[in-house]
Amino acid sequence: MDLSLSTRTVDDRTVVEVGGEIDVYTAPKLREQLVELVNDGNYHLVVDMEGVDFLDSTGLGVLVGGLKRVRAHEGSLRLVCNQERILKIFRITGLTKVFPIHTSVEDAVAATD
Amino acid sequence: MATVELRFSALPEHVRTARLVAAAVARRAGVDEAVLDEVRLAVGEACTRAVGLHLSNGVEAPVRVTLTEEEKKFSIEVGDESPTSAALVSGSHPEMDDEAEGEDEMGLAVISGLVDDVEVTSSESGGVIRMSWPTSPQPLVS
């Protein structure tokens, strides 16, 4: 299982739909995508994790890196995730306090702080 | 003696293979289905860390994974041969300026958050992460 990525624009947000496994092998692809989006001026990102089957700390590191980049431009990075096994990883690392996690893309796109 | 032993070149693409093998052997050993996700994640984290240590230190030796079925538990050992393993365990830098280092810390955080029985040891010849999970008493094979 590889990583699949697709992006679309909803209102002023850029939604990145991620599918498959995010691990040490595939995470660089996600990092590149996030860096490219930020370099192109997209500072409000929503990462949709509903299609993710596996996420490890390398993936978490990439998401934290993405958050740092958008924050440098006063942007935001929101996650969409309902899968318990993925949410668990955010909880045990304390990252639920760092990322706003939403139950749907609509919810994430509509959210302000 | 290990039930299954795996050695792989320290490359990111092989970490998935290690996860799949570990989960398959754990399932056969009687580790609860609900815990297999944790086994998969923990062994992946340990292997990722070992691969990172080998790559960043130019260690050409393979990463070792031993999967051992014991009477009431299933044990996994992931061993690296990186001489700086010890320094990395003790010298922590929690800030995320260096993303790779942050990931290493997070990998250990995930392992210790997931696995109740875990031990990280290191010496000048490398480090070992030992983890174990309880197994159900009855064999899965009918």
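What this report covers is the structure whose coordinates are included nearby. For clarity, every value in this text was computed on a predicted model and none was experimentally measured.

Rules used throughout
Residues numbered from 1 in each chain as written. Chains lettered and ligands numbered in written order. Predicted model: local features only at pLDDT ≥ 70, side-chain atom pairs only at ≥ 80, totals over all residues. Helix = DSSP H or I, 4+ residues; strand = E, 2+ residues; numbered from the N terminus. Expected span 1.5 Å × (residues − 1). Buried ≥ 20, exposed ≤ 12 C-beta atoms within 10 Å, placed from the backbone. Arc of directions from axis to C-beta. Contact = placed C-beta atoms within 7 Å. Pairing = 2+ DSSP bridges. Axes fitted to C-alpha atoms, helices over the stretch in contact; angles between N-to-C directions.

**Description of helix α1 (residues 27–39) of chain A**
Since the α-helix turns once every 3.6 residues, residues separated by three or four places project in the same direction.
Residues and elements named next belong to chain A.
Here is step 1: With 13 residues, α1 extends 18 Å from end C-alpha to end C-alpha; this agrees with the ideal 18 Å at 1.5 Å per step.
Here is step 2: Listed as buried for α1 are Ala-27, Leu-30, Gln-33, Leu-34, Leu-37 and Val-38. Considered in projection along α1, the buried side chains sweep an arc of 130° and stay on one side of the axis. Opposite the packed face of α1, turned more than 90 degrees from it, sit the exposed residues Glu-32, Glu-36 and Asn-39.
Here is step 3: Where α1 is buried, its residues touch β1 (3–10), β2 (13–22), β3 (44–55) and α2 (57–71).
Here is step 4: Looking one or two residues past α1, Gly-41 carries a phi angle of roughly 95°, positive in sign.

**A few points about the sheet that holds strand β2 (residues 63–69) of chain B**
Residues and elements named next belong to chain B.
Here is step 1: Taken together, 5 strands build an open sheet; the order of strands is β1-β2-β3-β5-β4 and the sheet is antiparallel. Single-partner strands in this sheet number two, and they are β1 (4–8) and β4 (117–123). The average undirected angle you get between the axes of adjacent strands in this sheet is 10°.
Here is step 2: Where β4 and strand β5 (residues 126–134) come together, 7 bridges link them in antiparallel fashion. Each bridged residue has a counterpart across the sheet, and for Val-118 the counterpart in β5 is Met-131.
Here is step 3: Packing against the sheet, helix α1 (residues 15–29) makes contact with β1, β2 and β3 (73–79), and its axis sits at approximately 175° to β1.
Here is step 4: The sheet contacts of helix α2 (residues 33–57) involve β2, β3 and β5, and relative to β2 the element is tilted by about 155°.

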